[in-house]
Amino acid sequence: MEQVDTVILGAGAAGLFCAGTILELLSERAGRVLILDHARAPGEKIRISGGGRCNFTNLATAPDRFVSANPRFAASALAGFRPADFVALVDRAGIAWHEKTLGQLFCDGSARQIIDLLLHRMRGAELRLGITAEGVEPEPEGGFRIATSQGVITAQQVVVATGGKSIPKMGATGIGYDIATRFGLSLIEPRAGLVPLTFAQQDLDLCRPLAGLSVSAEVSHGAGRSRSRFRDGLLFTHRGLSGPAILQISNFWRAGEQIIVDLAPDTDLAAELRALRGESGRVAVATALARWLPARLADAIAAETGSDGARLADQNNAVLDRLAARVNRWTLRPVGSEGWRTAEVTVGGVDTRALDSRTMQVKSIPGLYFIGEVVDVTGWLGGYNFQWAWASAHAAGKAI
Ligand code: FDA
C-alpha cells in the first residue's frame, strides 16, 4: 500500500494552491505531498475562466461578497490571504494583468499563465492525473485510507479540494460531499450558482425577439435586510435573460421566488414621462421610452402595454405609471435555472460549522481538511471565487 504524508484530492485552483503553500512554507519538511485528479490536465476550470484570461481575484474582496449559511466564516481565511498577496505572486511570476472593472483583475495574456504559476509553486509535490478518488476512511491508528481507481493510499492528512457540482463535463463529481457525509458532516444543500435563469413562455415571448440586446440594469431579489441587488449587464437571449446581473442574482434566487429588473436605474420614469407629456406630448410612447432604453426594447415594451403608435399626450397617468412600472420594476418569476450544465459555481456545500475557520480542518477530525468550492462559501461573480480558493487553500496549507 502506498503511503504519503499529505494527499490533496483535486488539482483545481484550491488543491494546486494548497500544495504550493505547503511546499513554500515547509519545503523539505513537508514530507511526501501527493495531489491527485481524475482529469487529464490540472486546473481545467482555471484554463477556461474569465473567457480564457482568468479573473484571478477581486480587489474589493470582503466577507460580504460571499454567500454562506454562516456569513462570518470566510472572514479569517480571507484576512489571512488577501488579493494583494496573490497579485504579489502574479507580479513575481512576471504575468501582466489589468483591472477590467469593479476591482476584477485579469491576465493580459492567458489563464494558462496562472496554471503555470501554480504548478511552478508546488514543485516538490507529486501531481498524479487520471486517477479517481473513490472514498476516504479513517485508519484505526490515526490517518486515513484513500480508495482510488489505482488502489489504496494512506496519508496522515487529507485535503478535500474536489470542488462542487458545476459543469460535470469538466470533471465535477460531488465526491467531496460524499466524503463529508461519510465523516458525519452536514451539507448545506448544493445548488447551481452564477447560472442563467430560465423563464416561462410569456417572458420568453418578450425576450426572444430581443436576443442579443444588452442593457445596463439593476436586478434585485428579496426584501428588507435580505434584499440583494446588482447593477450590471443584462442580456436578452433565446432562452430568456442572462448576463452578469442575472448570474449574480442567481446565487440568491430560489425556486418559486421572483426577481425585479430595473431597466432604467436612477430614473423615476413615471415622473419623467409625465413631465415629457407636458413638454412634447406629440411624441410617440415608444419614442419617449427610447430616451432611456434602446429603441428595440422601447418598441417592445410599448407594444406589450398596448401603447405602440400612441402619442404620449393621449396617455393618462395610470397608463404612464403602468409603463414606468414595466421599466423600473419589471417583475419576473423565473421557472428555474440552466442547472449544473452551465453553472459557474455551486452555492452551498460542506456546512462550515464543522470546520475551523482559521485552518479549514474538520474540528472533530484532526488531519481532514475541506477547501475551495466544496465548502459552503460562494463568491459573487468577478474573481471572488478564485480568491476564496486561494485563501482557504492558504489557511489549510499553513496549518499542515
Ligand atoms: P475545481 O472545480 O477548480 O477543482 C476540483 C478538481 O477536483 C477538478 O480538477 C476535478 O477534476 C477534481 N475532481 C473532482 N472529483 C474528483 C474525483 N472523484 N477524483 C479525482 N479528482 C476529482 N471564478 C473566478 O473567481 N473567476 C473567474 O474568472 C471564473 N470563471 C469561471 C468560468 C467558468 C466557465 C466556470 C465553470 C467557473 C469559473 N469560476 C471563476 C469559478 C472557479 O472556477 C471555481 O470557483 C474554482 O475553480 C473552484 O476551485 P476548486 O479548486 O475548489 O474546484
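Residues numbered from 1 in each chain as written. Predicted model: local features only at pLDDT ≥ 70, side-chain atom pairs only at ≥ 80, totals over all residues. Heavy atoms only, no water.

> Help me understand the site of the ligand, please; the structure alone is not making it clear to me.
Residues in contact with the ligand amount to 29 residues; listed here are only the nearest, Ala 14, Asp 37, Thr 173, Glu 373 and Phe 386. One nitrogen or oxygen atom from the main chain of Glu 373 is found 2.8 Å from an oxygen atom belonging to the ligand. Protein coverage of the free-state accessible area of the ligand, which is 1000 Å², stands at 93%. Of all the elements, helix α13 (residues 384–399) adds the most residues to the shell around the ligand, at 3 residues. Residue composition of the shell around the ligand, grouped by class: 11 nonpolar, 14 polar and 4 charged. (Near = heavy atom within 4 Å. Polar contact = N/O pair within 3.5 Å; in protein donor to acceptor, adjacent residues only side chain to side chain. Areas by Shrake-Rupley, 256 points an atom, 1.4 Å probe, with all protein chains shown as cover. Helix = DSSP H or I, 4+ residues; strand = E, 2+ residues; numbered from the N terminus. Nonpolar A, V, L, I, M, F, W, Y, C, P; charged D, E, K, R; others polar.)

> Sorry if this is basic, but what is going on with the nonpolar core here?
Generally speaking, a soluble globular protein has its nonpolar side chains buried in company with each other. Core analysis: the biggest nonpolar cluster contains 126 residues, and Ile 114, Phe 236, Phe 370 and Trp 390 have the highest contact counts within it. Every residue in contact with Ile 114, bar those within four places of it in the chain, is listed here: Ile 46, Cys 54, Phe 56, Phe 86, Val 90, Ile 95, Cys 107 and Trp 390. (Core = buried A, V, L, I, M, F, W, Y, C linked by side-chain atoms within 4.5 Å. Buried < 20%, exposed > 50% of the residue type's maximum accessible area, 1.4 Å probe, protein only. Contact = heavy atoms within 4.5 Å.)

> Looking at this structure, how should I read the UniProt feature "transmembrane region" (unreviewed entry) in the protein?
When the UniProt feature table is mapped onto this chain numbering, "transmembrane region" (unreviewed entry) sits at residues 6–26. Here residues 6–26 is 67% helix and 19% strand, with 12 Å between the C-alpha atoms at its ends. (UniProt positions renumbered as here; feature names shortened; annotations may be inferred.)

> Help me understand the pattern of salt bridges, please; the structure alone is not making it clear to me.
Oppositely charged side chains can pair when the atoms bearing their charge come close. Under the counting rule described, the total for this entry stands at 20 salt bridges. Here Glu 137 makes a salt bridge to Arg 182, at a shortest N to O gap of 2.6 Å. Of this pair, Glu 137 sits in strand β8 (residues 133–138) while Arg 182 is found in helix α6 (residues 175–182), placing the two residues 45 residues apart along the sequence. In this structure Glu 137 comes out as partly exposed when scored by relative accessible area, which is 35%. Overall, Arg 182 belongs to the partly exposed group, its relative accessible area being 39%. Here Arg 358 makes a salt bridge to Asp 356, at a shortest N to O gap of 3.1 Å. Looking at Arg 358, the relative accessible area reads 56%, which means it is exposed. With a relative accessible area of 18%, Asp 356 lands in the buried category. Residues joined by salt bridges that share partners form a network here, namely Glu 2, Arg 32, Glu 126 and Arg 128. (Salt bridge = Lys/Arg side-chain N within 4 Å of Asp/Glu carboxyl O.)

> Sorry if this is basic, but what is going on with the packing of helix α9 (residues 269–279) against helix α12 (residues 317–328) here?
Two packed helices can be described by the angle between their axes and the distance between those axes. The contact between α9 and α12 brings their axes to 8 Å, and the two run at 135°. In terms of axis orientation, α9 runs oblique to α12. Considering how the two elements wind past one another, α9 and α12 form a crossing that is right-handed. When α9 is examined against α12, the residues Leu 269, Ala 270, Leu 273, Arg 274 and Arg 277 are found in contact with a partner set consisting of Asn 317, Leu 320, Asp 321, Leu 323, Ala 324, Val 327 and Asn 328. Tallied by class, the residues present in the contact of α9 with α12 amount to 7 nonpolar, 2 polar and 3 charged. (Axes fitted to C-alpha atoms, helices over the stretch in contact; angles between N-to-C directions. Parallel < 35°, antiparallel > 145°, perpendicular 65-115°, else oblique. Left-handed = near helix turned anticlockwise from the far one by under 90°.)

> So what exactly am I meant to see when it comes to the environment of Leu 197 here?
Among the secondary structure elements, Leu 197 is positioned in strand β12 (residues 197–198). Accessibility expressed as a relative area gives 2% for Leu 197, which makes it buried. Put simply, Leu 197 and Val 159 are 38 residues apart on the chain and 33 Å apart in space, counted from C-alpha to C-alpha. Beyond its immediate chain neighbours, meaning those up to four positions away, Leu 197 contacts Arg 239, Leu 241, Ile 246, Ile 249, Ser 250, Trp 253, Ile 259, Pro 334, Gly 336 and Ser 337.

> Which parts of the structure should I look at to understand the sheet that holds strand β16 (residues 259–262)?
Strands sit in the order β17-β16-β13-β14-β15-β12-β18 across an open sheet of 7 strands; the sheet is antiparallel. Of all strands in the sheet, those with a lone pairing partner are β17 (330–332) and β18 (336–337), marking the two edges. Here 4 bridges tie strand β13 (residues 214–221) to β16, and the two strands are oriented antiparallel to one another. Within the sheet, the bridge partner assigned to Glu 218 lies in β16 and is Asp 262. (Pairing = 2+ DSSP bridges.)

> Teacher, can you tell me more about α6 here?
Because an α-helix packs 3.6 residues into every turn, residues spaced three or four apart end up facing the same way. Listed in full, the buried residues belonging to α6 are Ile 175, Gly 176, Tyr 177, Ile 179 and Ala 180. At the C-terminal side of α6, Gly 184 shows a positive phi close to 80°.

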